[in-house]
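# Architecture at a glance
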Amino acid sequence: RCPRSATPRAAVTCTAASKVESWYDAGTRLESPPPAPGLVPPKAVKRPKLTLNQQINRQIVNTEDSEAVLCIVEEHVESFNSINIATALHRLAARNKHKRARRDALLRDRRFLLLEDALAAHSSADAPIVEGAARSVADVLWSYATLGKLPPKLLTPVLTSVSVLQHVSCPY
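Structural notes, computed from the coordinates. (Residues numbered from 1 in each chain as written. Predicted model: local features only at pLDDT ≥ 70, side-chain atom pairs only at ≥ 80, totals over all residues. Heavy atoms only, no water.)

A separate point is the overall build of the protein. Across its full length, the protein carries 7 helices and 2 strands. What you see in the protein, going N to C, is helices and strands ordered as β-β-α-α-α-α-α-α-α. Across the 172 residues of the protein, 35% fall into the buried class. A separation of at least 24 residues holds for 63% of the contacts in the protein among residues at least 6 apart in sequence. Per element, the accessible surface of the protein, about 10400 Å² overall, is 57% carbon and sulfur. (Helix = DSSP H or I, 4+ residues; strand = E, 2+ residues; numbered from the N terminus. Buried < 20%, exposed > 50% of the residue type's maximum accessible area, 1.4 Å probe, protein only. Contact = heavy atoms within 4.5 Å. Areas by Shrake-Rupley, 256 points an atom, 1.4 Å probe, with all protein chains shown as cover.)

Below you can see the structure in the form of structure tokens.
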């Protein structure tokens, strides 16, 4: 089992039984900061429930290091959608862009290879790599450029995605 990192943005860890330590963690978002003791709190606005993929993306974004991202990949790769894949790749590339030895080890890590396989499974020569999300296509391209590697099996699907997105935004 992979160790979990505490998130810098929230007081919640990645465990299921997490302690609620802020107003944002309680499932309601307030319109203003918590009221002083003895005052009536402002009306709370219910936040919609997050889907599994949104929860996974939030975990990826809130990780502190590459190891935590790889643990999430190992644990949830079967449930990843294309946005989760792009986010994980982006986080791994951003955290390893100046660490050559760590970047080389990352490219050989079996969990990173699982992520590449998931990306290949979500893409084909016939379909866009990330279901038409330009931001995710850009994240995938930036990630592989930063890591200095684009697997040959992903070259055609990535270029197809760019072509499809270009045609959708400019049909002429």
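Contact pair helix α2 (residues 66-76) / helix α5 (residues 110-121): the axes reach a minimum separation of 9 Å and the direction vectors enclose 55°. With respect to each other, α2 and α5 are oriented oblique. Of the two possible hands of crossing, α2 and α5 adopt the one that is left-handed. Note on element contacts: α5 touches α2 through R110, R111, F112, L114 and L115, opposite E67, L70, C71, V73 and E74. Partitioned by chemical class, the residues of the contact of α2 with α5 number 6 nonpolar, no polar and 4 charged. (Axes fitted to C-alpha atoms, helices over the stretch in contact; angles between N-to-C directions. Parallel < 35°, antiparallel > 145°, perpendicular 65-115°, else oblique. Left-handed = near helix turned anticlockwise from the far one by under 90°. Nonpolar A, V, L, I, M, F, W, Y, C, P; charged D, E, K, R; others polar.)

Another point: the nonpolar core. Counting 24 residues, the largest nonpolar core has F80, L89, F112 and L115 as its most contacted members. Those elements that provide at least two residues to this core are α1 (52-61), α2, α3 (82-96), α4 (100-108), α5 and α6 (134-147). For L115, the residues in contact, after removing those within four places along its chain, are V73, F80, I85, A88, L89 and L92. (Core = buried A, V, L, I, M, F, W, Y, C linked by side-chain atoms within 4.5 Å.)

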